[in-house]
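# Coordinate analysis (summary)
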Amino acid sequence: MFNTVTIIGTGLIGGSMAIALREKKLAKKIIGCGNDEESLQQALSLGLIDEILTLEEGVAQADFIYIAIPVHAAVHVTAKVLDLVNDAQIVADAGSTKEKLCRAIADHSKRKNFVASHPMWGTEHSGPAAAVSGAFTGRACVICEPERTGENHLLQTESLYNQLGMHIVNMNAHDHDIHAAYVSHISHITSFALANTVLEKEREREAIFELAGGGFESTVRLAKSNPDMWAPIFLQNKENVLDVLNEHIHQLINFKTAIEEENNTALSALMQNANRIKRILPS
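In short, a report on the structure.

What counts, and where the lines are drawn
Residues numbered from 1 in each chain as written. Predicted model: local features only at pLDDT ≥ 70, side-chain atom pairs only at ≥ 80, totals over all residues. Heavy atoms only, no water. Helix = DSSP H or I, 4+ residues; strand = E, 2+ residues; numbered from the N terminus. Buried < 20%, exposed > 50% of the residue type's maximum accessible area, 1.4 Å probe, protein only. Polar contact = N/O pair within 3.5 Å; in protein donor to acceptor, adjacent residues only side chain to side chain. Contact = heavy atoms within 4.5 Å. Salt bridge = Lys/Arg side-chain N within 4 Å of Asp/Glu carboxyl O. Expected span 1.5 Å × (residues − 1). Axes fitted to C-alpha atoms, helices over the stretch in contact; angles between N-to-C directions. Parallel < 35°, antiparallel > 145°, perpendicular 65-115°, else oblique. Left-handed = near helix turned anticlockwise from the far one by under 90°. Nonpolar A, V, L, I, M, F, W, Y, C, P; charged D, E, K, R; others polar. Pairing = 2+ DSSP bridges. Right-handed = clockwise from strand over helix to strand, strands pointing away. Core = buried A, V, L, I, M, F, W, Y, C linked by side-chain atoms within 4.5 Å.

Relative to the assigned elements, T10 resides in the loop between strand 1 (2-8) and helix 1 (12-23). Owing to a relative accessible area of 5%, T10 belongs among the buried residues under this scheme. One polar contact links T10 to S39, side chain to side chain, over a distance of 3.3 Å. For T10, the residues in contact, after removing those within four places along its chain, are G15, G32, S39, L40, A43, I49, G127 and P128.

So, in structure tokens, the structure goes:
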């Protein structure tokens, strides 16, 4: 248990972390920090945090500092937090990209205090009101460059995630960003693009509401995600996102060609190949 945890960014991830810390009795006090005063006040009124403090005040009081803000801001904020901590304090983040952040603080004198982590969970909702109980249970948490983190700092952070019901996956930051592009980032781009396609072509909004089935709803669900969070992710992971996006476009062209040519054999082959995903994701 930590005496005091300071959460920088009290939205979906930070707020859900606060709920988990309370439910598991892993923090006696939770402080909220950040630039979004409305979000902080909402988190306070919802009981997610006990107090709102400035970044400097929050870091000074904390045993564990959790950074859950958009990735473009996390690079600067993480360095600033590391400037403020003593040797015993632990700093961890929840960002969806890792290479740029890890590179930025690689030579920081307090690099050993930092745990580069990515709990693999999220929803299309945002803000403190979107925070939920049990968010991290049964999910993977990627920890990048564990060898760069102090042994005690790493063990305490791994223990925290384990107590939240997560299993740890170690990975270097470069590989993390590649895999994240494949299994997370492209899904969001596809969903945003599909939503734009339907909104452009289907002018009858009532028809979308009335006729959209479960398949459409599940595919387009991620299009409700917060652009302020996802645009920086796409741009920070630009090289990997473009690589997977080019392959996705190639696959769409394959489908388009098979349909244009009324090639049932080619169309079936494309879908049968895609069916192999059932062996990896059976449920």
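Once that is clear, we can look at the pattern of salt bridges. One pass over the full model with this rule turns up eight salt bridges. Residue D50 pairs with R22 through a salt bridge whose shortest N-O separation is 2.9 Å. Of this pair, D50 sits in the loop between helix 2 (37-45) and strand 3 (51-52) while R22 sits in helix 1, and the two are 28 residues apart along the sequence. One salt bridge in this structure joins E56 and K80, with 3.4 Å as the shortest N-O distance. Here E56, found in helix 3 (residues 55-61), pairs with K80, found in helix 4 (residues 71-84); they are 24 residues apart in sequence, far enough to count as distant. Owing to a relative accessible area of 39%, E56 belongs among the partly exposed residues under this scheme.

A few words now on helix 4. Taking 1.5 Å per residue as the helical rise, helix 4 with its 14 residues ought to reach 20 Å, and the 20 Å between its terminal C-alpha atoms agrees with that figure. Those residues of helix 4 that fall on the buried side of the exposure criterion are V71, A74, V75, V77, T78, V81 and L82.

At a minimum axis distance of 9 Å, the contact between helix 7 (residues 173-201) and helix 11 (residues 238-260) shows a crossing angle of 60°. The angle between the axes of helix 7 and helix 11 places the two elements in the oblique class. Crossing handedness for the pair helix 7 and helix 11: right-handed. Counted together, D177, I178, A181, Y182, H185, I186, I189 and T190 of helix 7 and N240, V241, D243, V244, L245 and H248 of helix 11 form the full contact between these two elements. Counted by class, the contact of helix 7 with helix 11 contains eight nonpolar, four polar and two charged residues.

Whether parallel or antiparallel, the strands of a sheet pair through hydrogen bonds between backbone atoms. What the eight strands build is an open sheet, ordered 3-2-1-4-5-6-7-8; its pairing is mixed. Of all the strands in the sheet, just strand 3 and strand 8 (167-171) have a single pairing partner and so form its edges. Judged from the four bridges that link them, strand 4 (residues 64-67) and strand 5 (residues 90-93) form a sheet pairing that is parallel. Residue I65 lies in a different strand from strand 5, and its bridge partner there is V91. The strands that helix 1 touches are strand 1, strand 2 (27-33) and strand 4; relative to strand 1, the one it contacts most, it runs at about 165°. The sheet contacts of helix 4 involve strand 1, strand 4, strand 5 and strand 6 (114-119), and relative to strand 4 the element is tilted by about 165°.

Within strand 1, six of the seven residues are buried, leaving the element largely enclosed by the surrounding structure. Of the pairings in the sheet, the one linking strand 1 to strand 2 comprises six bridges and is parallel in character. Looking at the pairing, I7 lines up with G32 of strand 2. In this region the chain leaves strand 1, passes through helix 1 and returns to the parallel neighbour strand 2; the handedness of that crossover is right-handed.

Here we take up the nonpolar core. With 35 residues, the main nonpolar core has I7, M17, L21, F64, Y66 and F136 as its most contacted residues. Of all the secondary-structure elements, those providing two or more residues to this core are strand 1, helix 1, strand 2, strand 4, strand 5, strand 7 (140-144) and helix 6 (151-163). Ignoring anything within four residues of it in the chain, the contact list for F136 reads I13, S16, M17, A20, P119, W121, L164, G165 and M166. C33, L82, V142 and A173 belong to the second largest nonpolar core, which has 25 residues in total.

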